[in-house]
Amino acid sequence: MDHAGPVVEVVAYDPAWPGLFEAERRILIEALPYAVSVEHLGSTSVPGLAAKPTIDIVVVVPRIADLTADTTPVERLGYEFRRAVFADDPDHEFFVKDTAGKRTHHLHVFDAASRLPQANRVFRDYLATHLDAARRYAAAKRQAAAAHPGSRARYGNAKEPVMRELLAEATGRASATGRLT
């Protein structure tokens, strides 16, 4: 942990988050006119859910290779390309944006062939419509942040079991009902 404070902090839901996403969505659409979709996913996209104050954005592109061949349009917006963060998933690239020394945005770019954006939608929509599930996830996030304030990786690993359990519930419900929620 650095002297400026914790790297991982979970805070109460901020109603400004959807507007912050929308502003970013507009500039990403201009930078990546070939994008299939630009969506707000992750905990900041779920009304009322406690989260790290980092806007998670998912962009789906026809071919991930087109983006990796030229990351300049995204980097001009202040994003830093983190090559091979998801080395086991060639359809997933990752960028981060810091503002005034704090992480403010995560940009996940997926190839249109990837199934992960849909899984993320199912998870988001499940949390948004199932208050008990959202409470369980918020509790896991707060506990993980308290235990690992200096490590994003350890924080992520600590909340992973509850996230996987909730994703299984969400996926099961979506399969059983034929709906995302």
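For clarity, every value in this text was computed on a predicted model and none was experimentally measured.

Rules of the game
- Residues numbered from 1 in each chain as written.
- Predicted model: local features only at pLDDT ≥ 70, side-chain atom pairs only at ≥ 80, totals over all residues.
- Heavy atoms only, no water.
- Helix = DSSP H or I, 4+ residues; strand = E, 2+ residues; numbered from the N terminus.
- Expected span 1.5 Å × (residues − 1).
- Buried < 20%, exposed > 50% of the residue type's maximum accessible area, 1.4 Å probe, protein only.
- Contact = heavy atoms within 4.5 Å.
- Polar contact = N/O pair within 3.5 Å; in protein donor to acceptor, adjacent residues only side chain to side chain.

Attention shifts here to helix α4 (residues 116-129). Taking 1.5 Å of rise per residue, 14 residues should cover 20 Å, and α4 covers 20 Å from first to last C-alpha, within 8% of that figure. Every buried residue of α4 is accounted for by P117, R121, V122, F123, R124, D125, Y126 and L127. Contacts made by the buried residues of α4 are with β1 (37-41), β2 (55-61), β5 (102-111), α5 (131-147) and α6 (152-177).

Let us now look at the environment of T44. When you line up the elements, T44 lands in the loop between β1 and β2. For T44, a relative accessible area of 1% translates into the label buried. Taking the C-alpha atoms as reference points, T44 and A23, separated by 21 residues in sequence, lie 14 Å from one another. Setting aside chain neighbours within four positions, we find T44 in contact with Y13, W17, A51, K52, T54, I55 and D56. Looking at T44, its side chain comes within polar contact range of the side chain of H40, at 2.8 Å.

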